[in-house]
Amino acid sequence: MKINLWFRLFDGDLIHINRDKPYIRRLEFEGSRQLMKHLAAIVMVITGLGFAQDEPIPTSKEDREPVRFSKEMRGTFNGKKMPYLASHYETILYEKDDYNEPLASIFVTEYRSVKNDPSRPVIFIFNGGPGSASLWLHMGVMGPKVVKVPSDATDDGSPPYELVDNTLSPLDVADLVCIDPVGTGYSLAMGDHENKEFWGVKQDAKNVSQFVRRWIQDNERWNSPKYILGESYGGIRGPQMLAELRNGELTNIEINGLILVSPATDLQHIRFTPGNNSPYVGYLPTYAVTAYYHGKIRTRQTLLEFYEEAKEFSINELGPALLKGSRISAREKDEIADKISYYSGLSKQFVLNSNLRVDASSFRKELLRDEGFSVGRLDSRYKGRDYMAAGQFPDTDISSEGFSAAYVSALHSWLAEIGVDLKRLYRSSDRELSRSWDWVSTQGGWPRYVNVAPHIGRAMRENIDFKVYIACGIYDLATPCFTATNTIHENGIDVARIKLTELEAGHMMYNHQPSFDLFLTELREFVK
């Protein structure tokens, strides 16, 4: 049966409601928005009209009923058989001072015990970028289903990809909420707002914190232990959220623990710019293990022995030498070049030509140049051929090419199994977002490197129970482990309340099966 209803409001708006397609179309003039909402509600009751799950989801920025897809499932996690509710849904956030004005639509994937236990821990999960959705941690390690890519740093090839039960997921001890910030996944700005309003260090953390508050309120989980898990740029979002949640403008919330995977927390340690010597100190140990892995080092030491020795050289000899700048003597410069060459596998002449300062891109291109390969950035175990062996920079990050397609395919397959039916593009990453990011929104006075690590130190001083778990891969040339170590020791952080685990893998260390197993074992102990 087809029903077409037409109404003309007293202020001149002409409204059309079609029974087969549940939407309201404004045809004339700009009238009362609130009146339209009330009229729509009345007509929906009369006609049985509503936004059914099998209808196209509106992409309008107007206020609406949020979308939700849920399915009860069963799984076995750490030996415990249990039912759980898998959901992919939307939460609409509103203006702080006007609850009738929509601010943003935040989509999450959530896994929770069927019984809503108010004392059960909850882990809020996100990736980094900025501009990355949460599918990497979600489908790589935390969810009840995960995608498996080759553990030995070989390419993932073409579909079909392997999606398997994750029997080590911490779902037996905690609920999991995977968050896609505005501009990633299906999440978008609403109302009069634009996505770019949320693209900045402070803006982003404030918005995600607003969602966390809302989730706690909606689910009556005020007394649950709460953990934040962030990867990569999540190492900035997470600590900044500590400041927003603990000392924000609204309700103060204490966090039990912060879990950081391959974090970027102080950008001074990873930004190769003239006059900044910190990255060269932090990256050299990763150069060392990469060269060792690819057979460019002659030593009888084990990999980890060589790695530890490279750290000692880097902090005790390389750092002070670089700090001297042009004041370094010719003799000392020659000695330091010899040692950099030894630990990095690069020629001494290349090191001298680089003025003792070899950035990560140059290292990736140079290490295996004689073999015609460049090594990966996210995981330096990977190697691939460039169009030309000449040049300073690799054509691409061969490690990212080695697994990203598998993750995207696996996510969509799994969401379909949950019952998700959205006719919109899921943004796994967005370069426009990254290019538009406001890096100075937390700063006053002259601009400086973003460093949110002091928020960790403050949380420790003001909360005796707050703790941190950091897991990173020694083959990570995006955010090397030693840069995290240096950050920990520089920002008033109680090292005794930090657990740092270095794994024989890359940035997404869970792509390496032994690292996957160890990480989840340690994470579960951390939160239970």
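Structure shown above.
The structure presented is a predicted model; accordingly, all values stated were derived computationally and were not measured. (Residues numbered from 1 in each chain as written. Predicted model: local features only at pLDDT ≥ 70, side-chain atom pairs only at ≥ 80, totals over all residues. Heavy atoms only, no water.)

> An account of the side chain of serine 344 is needed here, citing residue identities and associated values.
Turning to its location among the elements, serine 344 is positioned in helix 7 (residues 330–344). In this structure serine 344 comes out as buried when scored by relative accessible area, which is 1%. At 2.6 Å, the side chain of serine 344 and the backbone oxygen of isoleucine 340 are in polar contact. Side-chain polar atoms of serine 344 contact the backbone nitrogen of leucine 346, separated by 3.2 Å. Once residues lying within four places of it in the same chain are set aside, the contact partners of serine 344 are Tyr287, Ala291, Phe363 and Leu367. (Helix = DSSP H or I, 4+ residues; strand = E, 2+ residues; numbered from the N terminus. Buried < 20%, exposed > 50% of the residue type's maximum accessible area, 1.4 Å probe, protein only. Polar contact = N/O pair within 3.5 Å; in protein donor to acceptor, adjacent residues only side chain to side chain. Contact = heavy atoms within 4.5 Å.)

> Would you mind going over helix 11 (residues 404–418) in detail, with residue names and values included?
Given a rise of 1.5 Å per residue, 15 residues ought to cover 21 Å, and the 22 Å separating the end C-alpha atoms of helix 11 matches this to within 8%. Buried within helix 11 are the following residues: Ala406, Tyr407, Ala410, Leu411, Trp414, Leu415 and Ile418. Take helix 11 and look down its axis: the buried residues cluster within an arc of 150°, on one side only. Buried residues in helix 11 make contact with strand 4 (68–77), strand 5 (80–95), strand 6 (98–113), helix 2 (135–142), strand 8 (145–148) and strand 9 (162–165). After helix 11 finishes, the residue glycine 419 shows a positive phi value of roughly 115°. (Expected span 1.5 Å × (residues − 1). Arc of directions from axis to C-beta.)

> Describe the pattern of salt bridges, and please don't skip the residues or the numbers.
Enumeration according to the criterion identifies 27 salt bridges in this entry. One salt bridge in this structure joins aspartate 172 and arginine 524, with 2.6 Å as the shortest N-O distance. One end of the pair, aspartate 172, is in the loop between strand 9 and strand 10 (175–180); the other, arginine 524, is in helix 15 (residues 513–527), with 352 residues separating them in the sequence. For the pair shown, aspartate 172 and arginine 524 are each scored as buried. The residue aspartate 334 makes a salt bridge to lysine 348 at a minimum N-O spacing of 2.7 Å. (Salt bridge = Lys/Arg side-chain N within 4 Å of Asp/Glu carboxyl O.)

> Can you tell me about the packing of aromatic side chains, naming the residues and giving the values?
Applying the stated rule across the entire model yields 24 aromatic pairs. When the centroid spacing of 6.3 Å and the interplanar angle of 65° are considered together, the rings of tyrosine 84 and tyrosine 111 count as edge-to-face. Here tyrosine 111 lies in strand 6 and tyrosine 84 lies in strand 5, a separation of 27 residues in the sequence. Both residues of the pair, tyrosine 84 and tyrosine 111, count as buried. (Phe/Tyr/Trp six-rings, centres within 6.5 Å; stacked < 30°, edge-to-face > 60°.)

> Which residues make up the pairing of strand 6, and what values go with them?
Of all the 16 residues making up strand 6, twelve are buried; the element is thus mostly covered by neighbouring parts of the structure. One ladder, built from twelve bridges, connects strand 5 with strand 6; its direction is antiparallel. Residue pairing across strands places tyrosine 89 opposite valine 108, the latter belonging to strand 6. Hairpin connection between strand 5 and strand 6: a loop of two residues separates the two successive antiparallel strands. As judged from the two bridges shared by strand 6 and strand 11 (residues 188–189), these two strands associate in the antiparallel manner. Its bridge partner being in strand 11, alanine 104 is matched across the sheet by alanine 189. (Pairing = 2+ DSSP bridges.)

Keep in mind these numbers describe shape, not what the thing actually does.
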